[in-house]
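Residues per chain, in single letters:
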Amino acid sequence: MSGNPVFGKVLAAVALLLGLGVSSPGADARAAYKTTQVAPGLYSFGAGLAFNAFMITDDGVIVMDSFDRDFAKASLAAIRKLTDKPIRYLIYSHNHYDHISGGEVFKAEGATILAHDATATWLERHPSADVVMPDQRWSGSKSELRLGRSLINLVYFGANHGEGMTVFQFPNERVIYTVDLVVPHRVGFAYMPDFSPREWERTLSEMDALDFDRVMYAHNAPVGPRSSVADQLKYLRDLRAAIDAELKKGTPFMQIPNTVKLPQYQTWDGYAQWLPMNAWRVLLEIAMGV
Ligand SMILES: [Zn+2]
């Protein structure tokens, strides 16, 4: 059913772990999908493990991430309940297939697919049958996309997770949409794949300097307060500090990931299973530099 069966399996495992009643962002989650208005014209769409964003402007609709074919179809249907304006853009947040598969659904509506140069370059080297190549690229650390009276700042903080990771800032609405970099009330995802913890921390502190009030997420919740950025940063810093403390104590290297405990986060999703994996990722970065 899903356009991306591997991702479907990963999500099923994540959903099971988190005790969520969905197994993929596709068919099984369809009943739970909902549209949340975050600000006039700005919406989150999805369910527990996958939320995209879309903006309805005077001159058409801008969609941010498609996840997979089934999700994209459901997302388009939700948009069509609100407006019959053309889909003008689909913007990719970064290169990971689990966020950007199924773009053909919006392309068929006439959307121009836009991605950061680093995302597009990576996709050229690692094409997927499920991912439509971008039509246009943007480059550098910031680009303004204007449509009608609406404005989206595309912000690139440099290497942190994946390639060309784009944070969407809606200055008029005082909101940002950031995927993967901030997931509220959850420890890092498994082994924190394709994350540089050090660069992630730097990015979060720079992100926290932007002017906004609320955050839209791709996982766990549609929208939350700006303090979730600082919370995510604090978790990573606390994890690093706990690992540093074990290193200083002389705890054997191989034992450190299972020794580290952060009880202040034990109510966060994934704590029991993923904390040791998160610790491995940070420990290896400390030891290897990458
Ligand atoms: Zn990712």
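Remember, predicted model here, so these are calculated numbers, not experimental data.

S.K.: Explain the coordination of the zinc ion residue by residue, including any values.
M.R.: Bound to the zinc ion are the protein donor atoms H94 (NE2), H96 (ND1), H161 (NE2) and D180 (OD), situated 2.2 Å from the metal. Coordination at the zinc ion is irregular: its 4 donor atoms span angles of 88 to 175° at the metal. Of note, the zinc ion draws all its donor residues from one chain, in the sequence arrangement H-x1-H-x64-H-x18-D. Remark: H161 occurs in the loop between β9 (150-156) and β10 (166-170) and H94 occurs in the loop between β5 (87-91) and α3 (97-100); sequence separation between them is 67 residues. Across this residue pair, the class does not change: H94 and H161 are buried.

S.K.: Break down the sheet that holds β9 for me, citing the residues and quoting the values.
M.R.: If you walk across this open sheet you meet the 6 strands as β8-β9-β10-β11-β12-β13, and the pairing is mixed. Of all strands in the sheet, those with a lone pairing partner are β8 (142-147) and β13 (223-225), marking the two edges. Each neighbouring strand pair of the sheet contributes to a mean axis angle of 25°, computed without reference to strand direction.

S.K.: Describe the environment of Y92, with residues and values.
M.R.: One can find Y92 in the loop between β5 and α3. Sequence-wise, Y92 and M165 are 73 residues apart; in three dimensions their C-alpha atoms are separated by 8.7 Å. A distance of 2.6 Å separates the side chain of Y92 from the backbone oxygen of V132, its partner in a polar contact.

S.K.: Give a description of a nonpolar patch on the surface that names residues and reports values.
M.R.: On the surface, L247, F253, M254, L284, I286, M288 and V290 cluster together to form a nonpolar patch covering roughly 640 Å² of accessible area. Examining the composition of the nonpolar patch, we find that 3 residues originate from one element, helix α9 (residues 271-288), more than from any other. Residue position: V290 is located in the segment after α9. Here V290 falls in the exposed class, since its relative accessible area comes to 59%.

S.K.: Quick one: what's the story with the nonpolar core, residue by residue and with numbers?
M.R.: Counting residues in each nonpolar core, the largest one holds 88 residues, and the members touching the most others are M64, F170, Y177 and M207. The element best represented in this core is helix α7 (residues 227-249), accounting for 7 residues.

S.K.: For the sheet that holds strand β6 (residues 112-116), give the residues involved together with the corresponding values.
M.R.: Strand order in the open sheet formed by 7 strands is β1-β2-β3-β4-β5-β6-β7, and the pairing between neighbours is mixed. Strands with a single pairing partner mark the edges of an open sheet, and in this sheet they are β1 (34-39) and β7 (136-138). Taken over all neighbouring pairs, the strand axes of this sheet differ in orientation by 25° on average, direction set aside. In this sheet, β5 lies alongside strand β4 (residues 60-64) in parallel orientation, the contact comprising 4 bridges. Note that in β5 the partner of V61 across the bridge is I87. Of the strands in this sheet, β1, β2 (42-47), β3 (50-57), β4 and β5 are in contact with helix α2 (residues 69-82), which crosses β3 at around 35°. Helix-sheet contacts for helix α5 (residues 117-125) involve β6 and β7, and the interaxial angle to β6 is about 100°.

S.K.: Go over the confidence of the model for the chain, please, and point to the residues and values.
M.R.: On average, residues of the chain score 93 in pLDDT, and 89% of them reach the 70 mark or higher. Segment residues 19-27: pLDDT under 50, and 24 contacts once partners within four positions in sequence are set aside and those in other chains are kept.

S.K.: How would you sum up the packing of aromatic side chains? Please name residues and give values.
M.R.: The final tally for this structure, using the stated rule, is 13 aromatic pairs. Measuring from ring centre to ring centre gives 5.4 Å for F45 and F71, while their planes differ by 70°; the resulting arrangement is edge-to-face. Of this pair, F45 sits in strand β2 while F71 is found in helix α2, placing the two residues 26 residues apart along the sequence. In this pair, the class of F45 matches that of F71, namely buried. Here F189 and W274 contribute two aromatic rings whose centre-to-centre distance is 5.3 Å and whose plane-to-plane angle is 90°, an arrangement assigned as edge-to-face. Here W274 lies in helix α9 and F189 lies in the loop between β11 (175-178) and α6 (197-207), a separation of 85 residues in the sequence. The exposure class of W274 is buried, given its relative accessible area of 5%. Sitting over the face of the ring of F212, R226 holds its NZ or CZ atom 4.1 Å from the ring centroid.

S.K.: Explain the pattern of salt bridges residue by residue, including any values.
M.R.: Counted by the stated rule, this structure contains 16 salt bridges. R149 is the salt-bridge partner of D58, the closest N and O atoms lying 2.8 Å from each other. Separated by 91 residues along the polypeptide, D58 in the loop between β3 and β4 and R149 in the loop between β8 and β9 bring together distant segments of the chain. What makes D58 partly exposed here is its relative accessible area of 39%.

Calculation rules
- Residues numbered from 1 in each chain as written.
- Predicted model: local features only at pLDDT ≥ 70, side-chain atom pairs only at ≥ 80, totals over all residues.
- Heavy atoms only, no water.
- Donors = N, O, S within 2.8 Å, 3.2 Å for Na, K, Ca; no water.
- Tetrahedral: all angles 85-135°; square planar, octahedral: opposite > 155°, others 65-115°.
- Helix = DSSP H or I, 4+ residues; strand = E, 2+ residues; numbered from the N terminus.
- Buried < 20%, exposed > 50% of the residue type's maximum accessible area, 1.4 Å probe, protein only.
- Pairing = 2+ DSSP bridges.
- Axes fitted to C-alpha atoms, helices over the stretch in contact; angles between N-to-C directions.
- Polar contact = N/O pair within 3.5 Å; in protein donor to acceptor, adjacent residues only side chain to side chain.
- Patch = residues over 30% accessible without salt bridge, like charges linked within 9 Å, V, L, I, M, F, W, Y side chains within 5 Å.
- Areas by Shrake-Rupley, 256 points an atom, 1.4 Å probe, with all protein chains shown as cover.
- Salt bridge = Lys/Arg side-chain N within 4 Å of Asp/Glu carboxyl O.
- Core = buried A, V, L, I, M, F, W, Y, C linked by side-chain atoms within 4.5 Å.
- Contact = heavy atoms within 4.5 Å.
- pLDDT = per-residue confidence, 0-100.
- Phe/Tyr/Trp six-rings, centres within 6.5 Å; stacked < 30°, edge-to-face > 60°.
- Lys NZ or Arg CZ within 6 Å of the ring centre and 35° of its normal.

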